[in-house]
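Chain by chain, the residues:
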Amino acid sequence: MCTYQLDVMRTIQFREAVCEAMSEEMRRDEKIYLMGEEVAEYNGAYKASKGMLDEFGPKRVIDTPIAELGFAGIAAGSAMNGLRPIVEFMTFNFSLVGIDQIINNAAKMRQMSGGQFSMPIVFRGPTASAGQLGATHSQAFENWFANTPGLKVVVPSNPYDAKGLLKSAIRDNDPVIFMESEQMYGDKGEVPEGEYTIPLGVADIKREGTDVTIVSFGKIIKEAYLAADELAKENISCEIIDLRTVRPMDYDTILKSVQKTNRLVVLEEAWPFASVASEITYMVQERAFDYLDAPVQRITTADTPAPYSPVLLKEWLPNAQDVIKAVKKVLYRK
């Protein structure tokens, strides 16, 4: 369950929800600080830290050089010394420069130190494609980080979830990978005026249905909503589950839904091999095989680097029509 104070709802942008979460937590705990490229003087590459330098000063909102390996290492070391860093990567494509510090230090230090060091770090920034940015700026690494014991991986799809999950991530004593989207920063949604958090590891049923379960996360879930609206015109009822947290994954919510609908489609904006969808498919066939009335269908990007051409990019990305075809396939309808 979410914990919050009942209060007035207001409509804000995704970037504002992120900024509010960080600012509220930094007011609550002076050990928290933010660092990354352009987070201070420029108010963030996507304006997700707007006004934070003015409020908290240059010792707690820190512009870094273009050196992800360096400032990821600073975050790991400072966390071991009692601070609680938030690291912004301009995109998670650039996190690969600092992935040694994330995988080999942040994720493993608690175990390797016998519990002497906790690693309360949030690594956050945009994931996946954001238009014509080319192959090296259009990658989704949720499954990479989720493959690593010691890391938690969060991928919100709307402002309400983003704020509540980010506050929980910042309070967590383990490293959290918090993945956003350049194409969602301007999205608007209702967010409470008062304090609230959303626990990590709890999926959310965004739309209840009876005929098929669709599991997704992040910005690509919008295609599931579009598909469900179209399918409803044909009296096909879709249940849509937003994972919100990829690791730890809320298998129970998925399994209960599949036991009700008997059919599963997984929608993910990532390559198919060893994907999050592959993990979900395995767990469902292991723990709910007898409930399935059709093979599980997964929808991913094409198994190639992202193209630059807008025509090819449109074909590369999953879309609502792909979801409709998959749903009809598991329902044995044309």
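Rules and cut-offs
Residues numbered from 1 in each chain as written. Predicted model: local features only at pLDDT ≥ 70, side-chain atom pairs only at ≥ 80, totals over all residues. Heavy atoms only, no water. UniProt positions renumbered as here; feature names shortened; annotations may be inferred. Pairing = 2+ DSSP bridges. Helix = DSSP H or I, 4+ residues; strand = E, 2+ residues; numbered from the N terminus. Axes fitted to C-alpha atoms, helices over the stretch in contact; angles between N-to-C directions. Contact = heavy atoms within 4.5 Å. Expected span 1.5 Å × (residues − 1). Buried < 20%, exposed > 50% of the residue type's maximum accessible area, 1.4 Å probe, protein only. Arc of directions from axis to C-beta. Patch = residues over 30% accessible without salt bridge, like charges linked within 9 Å, V, L, I, M, F, W, Y side chains within 5 Å. Areas by Shrake-Rupley, 256 points an atom, 1.4 Å probe, with all protein chains shown as cover. Salt bridge = Lys/Arg side-chain N within 4 Å of Asp/Glu carboxyl O. Lys, Arg positive; Asp, Glu negative; His and termini not counted. Charge placed at Lys NZ, Arg CZ, Asp CG, Glu CD. Core = buried A, V, L, I, M, F, W, Y, C linked by side-chain atoms within 4.5 Å. Domains from an automatic or database assignment. 1 Å grid on protein atoms, 1.4 Å probe; cavity = no way out; pocket = protein on both sides within 12 Å on 5 of 7 lines; lining within 4 Å. Points joined across faces, edges and corners; volume = space filled by probe spheres on them. Nonpolar A, V, L, I, M, F, W, Y, C, P; charged D, E, K, R; others polar.

- As recorded in an unreviewed UniProt entry, the chain goes by the name Pyruvate dehydrogenase E1 component beta subunit, listed as coming from Paenimyroides marinum.
- According to its UniProt record, the chain has this under Cofactor (unreviewed entry): "thiamine diphosphate".

1. Description of the sheet that holds strand β12 (residues 212-216)
- Spatially, β11-β13-β12-β15-β16 is the arrangement adopted by the five strands of the open sheet, whose pairing is mixed. Each edge of the open sheet is held by one strand with a lone partner, namely β11 (204-207) and β16 (297-299). The mean inter-strand angle of the sheet, taken between neighbouring strand axes irrespective of direction, is 25°.
- Where β11 and strand β13 (residues 238-242) come together, three bridges link them in antiparallel fashion. Across the sheet, residue R207 finds its bridge partner in β13, namely I240.
- Contacts from helix α9 (residues 251-261) reach β11, β12, β13 and β15 (264-267) within the one sheet, and its direction differs from that of β13 by about 175°.

2. Thoughts on helix α10 (residues 276-288)
- Look at α10: 18 Å from first C-alpha to last across 13 residues, which is about the 18 Å you get at 1.5 Å a residue.
- Taken together, the buried positions of α10 are V276, A277, I280, M283, V284 and A288. All buried residues of α10 fall inside an arc of 130° around its axis, so they share one side.
- Each element contacted by the buried residues of α10 is listed here: α6 (142-146), β12, β14 (245-247), α9, β15 and β16.

3. A closer look at a negative patch on the surface
- Together, E38, E41, D54 and D63 give the surface a local cluster of negative charge.
- The residue D54 is located in helix α2 (residues 52-56) in this model.
- A residue is classified by how much of its surface remains accessible, and D54, at 72% relative accessible area, is exposed.

4. So, the nonpolar core
- Within the largest apolar cluster, 45 residues are counted, with the highest numbers of intra-cluster contacts made by I121, F123, F145, I177, I280 and V284.
- Listed by contribution, the elements that provide at least two residues to this core are β3 (32-36), α3 (68-80), α4 (99-106), α6, β8 (176-180), α9, β15 and α10.
- There are two domains that each give this core at least three residues, and those are domain 1 (9-192) and domain 2 (204-331).
- Aside from chain neighbours lying at most four places away, what touches F145 is F92, S95, I99, I102, I103, L151, V153, I177 and M179.
- Judged by nonpolar contacts, the second largest core, of 35 residues, contains V18, V154, I170 and Y185.

5. Points about empty space enclosed by the protein
- All chains considered together, the criterion is met by two cavities of 30 Å³ or more.
- In this model, the largest cavity occupies a volume close to 120 Å³.
- For the largest cavity, the lining is made up of 17 residues, of which T127, A128, E142, G218 and K219 are closest to its centre.
- Among the residues making up the lining of the largest cavity, the classes are represented as nine nonpolar, three polar and five charged.
- Two domains share the lining of the largest cavity, each providing at least three of its residues, namely domain 1 (9-192) and domain 2 (204-331).

6. Re helix α8 (residues 221-232)
- Taking 1.5 Å per residue, twelve residues should reach 16 Å; α8 reaches 17 Å between its end C-alpha atoms and fits that length.
- Of all the residues in α8, the buried ones are I221, A224, A227, A228 and L231. Down the axis of α8, the buried side of the element spans an arc of 105°, and every buried residue falls inside it.
- The secondary structure elements touched by the buried residues of α8 are β11, β12, β13, β15 and α12 (320-330).

7. Considering the pattern of salt bridges
- All chains considered together, the criterion is met by 27 salt bridges.
- A salt bridge links K167 to E24; the shortest N-O distance between them is 2.9 Å. Separated by 143 residues along the polypeptide, K167 in helix α7 (residues 159-171) and E24 in helix α1 (residues 14-28) bring together distant segments of the chain. In this pair, the class of K167 matches that of E24, namely buried.
- For K167, the salt bridge goes to E195, with nearest N and O atoms at 3.2 Å.

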